[in-house]
Amino acid sequence: MCAVACQYIIANIFEKNEVPEGVLNLIVGDREVGEWMSNDKRIALLSATGSTKMGKAVSAAVSARLGRSLLELGGNNAIIISNEADLDMALIGCIFGAAGTAGQRCTTTRRLIIHEDVYDIFRDSLVRAYNQLKIGDPLNEIHHVGPLIDKNAVAMYLEAIKKCKDQGGKFIVKGGKLTGPGYESGCYVKPCIAEVTNDLDIVQHETFAPILYLIKYKTLSEAIAIQNSVPQGLSSSIFTLNMREAEQFLSVSGSDCGIANVNIGTSGAEIGGAFGGEKETGGGRESGSDAWKVYMRRQTNTINYTDKLPLAQGIKFTV
């Protein structure tokens, strides 16, 4: 519906400015539409946003016809909480990043990597805050968390919780599907928190739902290694008041993500920044100073204004 609304707005502006019809088109469809667009040789560039699984299929189809693709795929985003962090500030960033939009952003915070010295106090603060979250109709501003997009998303959320438990994760804020008045759609769930170790298989995957994993660390190098160990590389963050830690996090030996923040959470695309990630996140960039280049066709032009024909590399060629 947002896309349709935008299409009408832009079409109205184009018409008033005598821009020919067809400059901007909207196609609404399912997987089949994406498949024919990926395989259509007339489409020189296909920009796709979605899961890593979808991106791999699109990339294979577009590459097979030597087309170009710009992919913005999944994220398994982490925030490092230093023992030198402003914990009150960090708490706000973590809760919004993990539970905001019901965990349905590619930049949603999935993992918290917390220094052992502040682990207990920060964990307890998170639990108290989660117990105060209000879940309900997102059009009512008193609510912090709205519904998941559909019942399939709820099923994946419940399956991820089960896998986490089976693999040894300990839930300190329990999840589940909500029922009763206001929750008739069957798409409302509880944001939950699990204490885990980084080696759990479920931690390596993105679940598009409000499930937050807590991991303990001793040194910053260890924390960065934990953060970078997942296949995805979209957004990352560190909360610290130590400039050396911030610089290490932003350096070549720090975060391997396309977005790296200091004292700001992972969630949200900052206007003007190059948005996108590395590894299984796709590697492309939307927005930012250079993003427009991928949408353009590069052409080299050489014009000879003389009455002679100079040959490349000074070659002499006579007939």
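Refer to the preceding data block for the structure.
Nothing here was measured: the structure is a model prediction, and the numbers come from that model.

A. Structural context of the packing of helix α4 (residues 87–99) against helix α5 (residues 119–130). It is at 11 Å that the axes of α4 and α5 come closest, and there the two elements cross at 50°. By the angle class used here, α4 and α5 are oblique. Two packed elements cross with a definite hand, and for α4 against α5 that hand is right-handed. Residue-level inspection shows L87, A90, L91, C94, I95, A98 and A99 of α4 in contact with α5, the latter providing I121, F122, S125, L126, A129 and Y130. Counted by class, the contact of α4 with α5 contains 12 nonpolar, 1 polar and no charged residues.

B. Region of the structure containing the pairing of strand β10 (residues 259–262). Covered by surrounding structure in β10 are I259 and N261 only, the residues A260 and V262 on the alternate face being uncovered. Inspection of the sheet shows strand β9 (residues 235–239) paired to β10 by 4 bridges, in the parallel sense. Within β10, the position partnered with S235 by the bridge is I259. Between the parallel pair β9 and β10, the chain is carried across by helix α8 (residues 243–250), and the sense of this crossover is right-handed.

C. The packing of helix α7 (residues 220–228) against α8, seen in detail. Here α7 crosses α8 at 30°, and the two axes come no closer than 11 Å. Considering their axes alone, α7 and α8 lie roughly parallel with respect to each other. In this structure, α7 meets α8 at a crossing whose hand is right-handed. Judged by residue contacts, L220, S221, I224 and Q227 of α7 engage E245, Q248 and F249 from α8. Its residues assigned to classes, the contact of α7 with α8 shows 3 nonpolar, 3 polar and 1 charged.

D. Here's a closer look at the side chain of R123. Along the chain, R123 turns up in helix α5. By relative accessible area, R123 is classed as buried at 19%. Within the structure, R123 has its side chain in polar contact with the side chain of E195 (distance 3.3 Å). Not counting residues within four places of it along the chain, the set of residues in contact with R123 comprises I172, E195 and L214.

E. Local environment of the sheet that holds β9. Pairing is mixed in the open sheet, where 7 strands are placed in the order β5-β6-β7-β4-β3-β9-β10. Pairing within the sheet leaves two strands with one partner each, and these edge strands are β5 (170–173) and β10. The mean angle between the axes of side-by-side strands here comes to 25°, regardless of whether they run parallel or antiparallel. For strand β3 (residues 77–81) and strand β4 (residues 109–115), the ladder comprises 5 bridges, and the chain directions are parallel. Across the sheet, residue A78 finds its bridge partner in β4, namely R111. Set on the sheet, α5 makes contact with β3, β4, β5, β6 (192–195) and β7 (211–217); between it and β7 the angle comes to about 165°. Of the strands in this sheet, β3, β9 and β10 are in contact with α8, which crosses β10 at around 175°.

F. Expanded view of α7. L220, A223, I224, I226, Q227 and N228 are the residues of α7 that are buried. In this fold, the buried residues of α7 make contact with β3, β4, β7, β9, α8 and β11 (278–279).

G. Spatial organisation of the packing of aromatic side chains. Under the definition given, this model contains 1 aromatic pair. Judged by centre distance (5.2 Å) and plane angle (55°), the rings of Y183 and Y188 are tilted. Its relative accessible area of 7% is what places Y188 among the buried residues. When the ring centre of Y119 is taken as reference, the NZ or CZ atom of K216 above it lies at 4.8 Å.

Parameters at a glance
Residues numbered from 1 in each chain as written. Predicted model: local features only at pLDDT ≥ 70, side-chain atom pairs only at ≥ 80, totals over all residues. Heavy atoms only, no water. Axes fitted to C-alpha atoms, helices over the stretch in contact; angles between N-to-C directions. Helix = DSSP H or I, 4+ residues; strand = E, 2+ residues; numbered from the N terminus. Parallel < 35°, antiparallel > 145°, perpendicular 65-115°, else oblique. Left-handed = near helix turned anticlockwise from the far one by under 90°. Contact = heavy atoms within 4.5 Å. Nonpolar A, V, L, I, M, F, W, Y, C, P; charged D, E, K, R; others polar. Buried < 20%, exposed > 50% of the residue type's maximum accessible area, 1.4 Å probe, protein only. Pairing = 2+ DSSP bridges. Right-handed = clockwise from strand over helix to strand, strands pointing away. Polar contact = N/O pair within 3.5 Å; in protein donor to acceptor, adjacent residues only side chain to side chain. Phe/Tyr/Trp six-rings, centres within 6.5 Å; stacked < 30°, edge-to-face > 60°. Lys NZ or Arg CZ within 6 Å of the ring centre and 35° of its normal.

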